[in-house]
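A look at the structure
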Amino acid sequence: MKTIADIARLSGVAKSTVSRYLNGGSVSELTKKKIERVIKETGYIPNTFAQSLKAKKPNIIGTIVPRLDSYATSQTLIGIDQQLRELNYQMLISNTSQDLDREIENIYTMARQKVAGIILLATQITDTHLEAFQQLQIPILLVGQEHKEVYSVIHNDYEAGYDMGRYILSKGHRKIAYLGVTEKDIAVGVKRKEGFRKAIQEARGCEVKYYETSFRMAESITKAPQIIDEFNPSLIVCATDNIALGAIKAAHLKGIRIPEDLSITGFGGYEVTEIVHPSLTTVKFYYRDAGQVAAQSMVRLLNSEDLPPVIFSKYKIIERESVDNLYNHKL
């Protein structure tokens, strides 16, 4: 492995000259050709992270995620990475394993590593988060959550919940269970449910019960049978696709047919929801697009360009096999 010192010695120039060349500084044409020749002959690859630390304008964007084993996270990261590369920035990823203390620690660690800005795929924003943002004085962008003091790229969870509510009502369902998550998660736990509740309030003759589970599929596999036994709804609206897939599995284990005996919907639009049987009716969020928008927005913040405080990504309902049309039974 060659170092800057090796390149300087072989080129017959000072180490500082090589460093200046690598960082885009001014060097003579003759010196430039010497350095380029040695780099080509030795196959030297610059340490872009080290360069970014030394540069007056670093090009590393820190990206903090709550978990890596998530379709939404991986697709968002792909979008961020693709767009940052096109804009000549690099992405540095840090995982928190859904540990809030570790998330705060990672925010400070990223700042010490001299990243240009931080994109945070947040699950919740606490006072401790806000304190960290204020202390660090570098651009922060939230993805997936909204806060009035921080720039955000969010999925339109309220409208998506409302549209899903209107959709299932249009299929004749009136006895409905909503299987959500903790309200500490404002986007998924609150906004999505509030939108759904508004649609239900606009209809007549609805009997709805609200339940809570975690984001993990295994927990919904145990929770769904309790809902079915206690309430026997015609449809379960699940706050995420993973929860919905767990509910489908639970129904199968109980010998319940979907959608003939029970309809199920989700939110997310994960690829697997198209190939399971029956395929899942869901709200598709465009995570990769949201990641690209987040990267573009971060670079705009770094360039001191105007940016709206909240940017919504698009969504659409994907109608598949897991919802029965009860009106057809009355014909």
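Structure first, text after, so check above.
In every chain, residue numbers begin from 1 and rise along the written sequence. Side-chain atom pairs in this predicted model are given and counted only at pLDDT of 80 or more, local residue features only at pLDDT of at least 70, and totals for whole chains, interfaces and linings cover all residues. Where side-chain values are given, they derive from all heavy atoms of the structure, hydrogens and water being excluded.

Take the environment of Lys 193 next. Along the chain, the position of Lys 193 falls in helix H9 (residues 186–201). Note on Lys 193: relative accessible area 13%, which makes it buried. Contact partners of Lys 193, with chain neighbours within four places excluded, come to Tyr 178, Glu 183, Val 188 and Tyr 210. Pairing of N or O atoms within 3.5 Å defines a polar contact, subject to two protein rules: one partner must be a possible hydrogen donor and the other a possible acceptor, and residues neighboring in sequence count only if both atoms are side-chain atoms. Side chain to side chain, Lys 193 and Glu 183 meet in a polar contact 2.8 Å long. Labels follow the DSSP assignment, with helices taken as runs of H or I lasting at least four residues and strands as runs of E lasting at least two, numbered in each case from the N terminus. Type-normalised accessible area, obtained with a 1.4 Å probe on protein chains alone, sets the label of each residue: buried when under 20%, exposed when over 50%, and partly exposed for intermediate values. Residues count as neighbours in contact if any of their non-hydrogen atoms are within 4.5 Å of one another.

The next subject is the sheet that holds strand S4 (residues 140–143). Pairing between two strands requires that DSSP report at least two bridges joining them. Taking strand neighbours across the sheet as the criterion, the six strands line up as S2-S1-S3-S4-S5-S11 in an open arrangement whose pairing is parallel. Of all the strands in the sheet, the pair left with one neighbour each is strand S2 (90–95) and strand S11 (310–313). For this sheet, the mean inter-axis angle between neighbouring strands, taken without regard to orientation, is 20°. Only the contacting stretch of a helix is used when fitting its axis, a line to C-alpha atoms as for every element, and angles between N-to-C directions run 0 to 180 degrees. Across the sheet, helix H5 (residues 71–86) is in contact with strand S1 (60–65), S2, strand S3 (117–121) and S4; its angle to S2 comes to roughly 155°.

Here the focus is the packing of aromatic side chains. Aromatic contacts are taken between Phe, Tyr and Trp rings whose centres are within 6.5 Å, Trp giving its six-membered ring; a plane angle under 30 degrees counts as stacked, one over 60 as edge-to-face, and the others as tilted. According to the stated counting rule, one finds eight aromatic pairs in the structure shown. Grouped by ring-pair contacts, the aromatic residues Tyr 71, Tyr 270, Phe 285, Tyr 287 and Tyr 315 constitute a single cluster. Criterion for a charge above a ring: Lys NZ or Arg CZ within 6 Å of the ring centre, and within 35 degrees of the ring normal. When the ring centre of Phe 231 is taken as origin, the NZ or CZ atom of Lys 175, which lies over that ring, is 5.2 Å away. Here Arg 197 stacks its cationic end above the ring of Tyr 210, 4.5 Å away from the centre of that ring.

This part is about the layout of surface pockets. The distinction between a cavity and a pocket rests on a 1 Å grid over the protein atoms alone: a 1.4 Å probe fits inside a cavity but cannot get out, while a pocket stays open yet meets protein on both sides within 12 Å along at least five of seven lines, and a residue with an atom within 4 Å of a point counts as lining. Grid points are joined across faces, edges and corners, and a volume is the space filled by probe spheres set on the points. Approximately 540 Å³ is the volume found for the largest pocket. If you list the elements that add at least two residues to the lining of the largest pocket, you get H5, H9 and strand S9 (263–268). Residue contributions to the lining of the largest pocket peak at four residues, all from H5. Under the scheme applied, nonpolar residues are Ala, Val, Leu, Ile, Met, Phe, Trp, Tyr, Cys and Pro; charged residues are Asp, Glu, Lys and Arg; polar residues are all the others, including Gly. Grouping the constituent residues of the lining of the largest pocket by class yields twelve nonpolar, eleven polar and five charged. In this model, the second largest pocket occupies a volume close to 280 Å³. Here the lining of the second largest pocket is composed, by residue class, of four nonpolar, seven polar and six charged.

Let us now look at the side chain of Thr 240. Topologically, Thr 240 is positioned in the loop between strand S8 (235–238) and helix H11 (241–253). A polar contact of 3.1 Å, which involves the side chain of Thr 240, links it to the backbone nitrogen of Ile 243. Thr 240 has contacts with Val 188, Arg 192, Phe 215, Gly 266 and Phe 267, leaving out every residue within four places of it along the chain.

A separate point is the nonpolar core. In terms of nonpolar packing, the biggest core is built from 41 residues, with Ile 168, Ile 176, Ile 236, Val 237 and Ile 264 touching the most fellow members. For this core, the element with the most residues is H11, which contributes six residues. Once you skip the residues sitting within four places of it in the chain, Ile 264 turns out to touch Ile 236, Cys 238, Ala 244, Ala 247, Ile 248, Ile 258, Leu 280, Thr 281, Ser 322 and Val 323. Each nonpolar core is a collection of buried residues, namely Ala, Val, Leu, Ile, Met, Phe, Trp, Tyr and Cys, held together in the definition by side-chain atoms within 4.5 Å. Ala 116, Leu 141, Met 298 and Ile 311 belong to the second largest nonpolar core, which has 20 residues in total.

Before going further, it helps to examine the sheet that holds strand S10 (residues 281–285). Taken in spatial order, the six strands make up an open sheet running S7-S6-S8-S9-S10-S12, and their pairing is mixed. Strand pairing shows two members of the sheet lacking a second neighbour, strand S7 (207–212) and strand S12 (315–318), which therefore form its edges. The average undirected angle you get between the axes of adjacent strands in this sheet is 15°. Packing of H9 onto the sheet brings it into contact with strand S6 (175–180), S7, S8, S9 and S10, and relative to S6 it is tilted by some 165°. On top of the sheet, helix H10 (residues 217–231) reaches S6, S7 and S8; it is set at about 150° to S7, its chief contact.

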